[in-house]
Amino acid sequence: MRSLGAAMIMISYDDEDGPQVFRVDPAGYFRGMRGVSVGVKQQPANSFLEKRLKKKLDYDHNETIQLALEGLQSAVGIDLKAADVEVVVVSKNDKSFRKLSSDDIDSHLNAIAERD
């Protein structure tokens, strides 16, 4: 019988190298990535991120949040509502975890809808 395991995403900001994202699998293998997802819908979410991150690498603060929300919408196949998700942001200027309000999330979702 196979034992249970959990995949993990570790995120930090390094003063020398900038933002860092690592995916750790149940066997302990880890890899640095530009963007990654884990879970049931990780394949469509990772495909979405690969396509977007090949085209452009220098996203600003708002574009990064919208990319994450758009990737989640693409993976689950529905339009999200601000009450359905929680968004936490870490930036170079503010290295603490900051949870966005429902109004902030709603404005990002509206920007995505207007762009499409």
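The structure we're discussing is the one just above.
Criteria and thresholds
Residues numbered from 1 in each chain as written. Predicted model: local features only at pLDDT ≥ 70, side-chain atom pairs only at ≥ 80, totals over all residues. Heavy atoms only, no water. Helix = DSSP H or I, 4+ residues; strand = E, 2+ residues; numbered from the N terminus. Buried < 20%, exposed > 50% of the residue type's maximum accessible area, 1.4 Å probe, protein only. Polar contact = N/O pair within 3.5 Å; in protein donor to acceptor, adjacent residues only side chain to side chain. Contact = heavy atoms within 4.5 Å. Phe/Tyr/Trp six-rings, centres within 6.5 Å; stacked < 30°, edge-to-face > 60°.

(A) Here's a closer look at the side chain of glutamine 66. Within the secondary structure layout, glutamine 66 lies in helix α2 (residues 61-76). By relative accessible area, glutamine 66 is classed as buried at 10%. At 3.3 Å, the side chain of glutamine 66 and the side chain of histidine 108 are in polar contact. Residues in contact with glutamine 66, not counting those within four places in the same chain, are His108, Ala111, Ile112 and Arg115.

(B) Just the packing of aromatic side chains, in detail. Taken as a whole and assessed by the stated rule, the structure comprises one aromatic pair. Seen from their ring centres, phenylalanine 22 and phenylalanine 30 are 6.3 Å apart, and the 65° between their planes marks the pair as edge-to-face. Classification of phenylalanine 30 as exposed rests on a relative accessible area of 55%.

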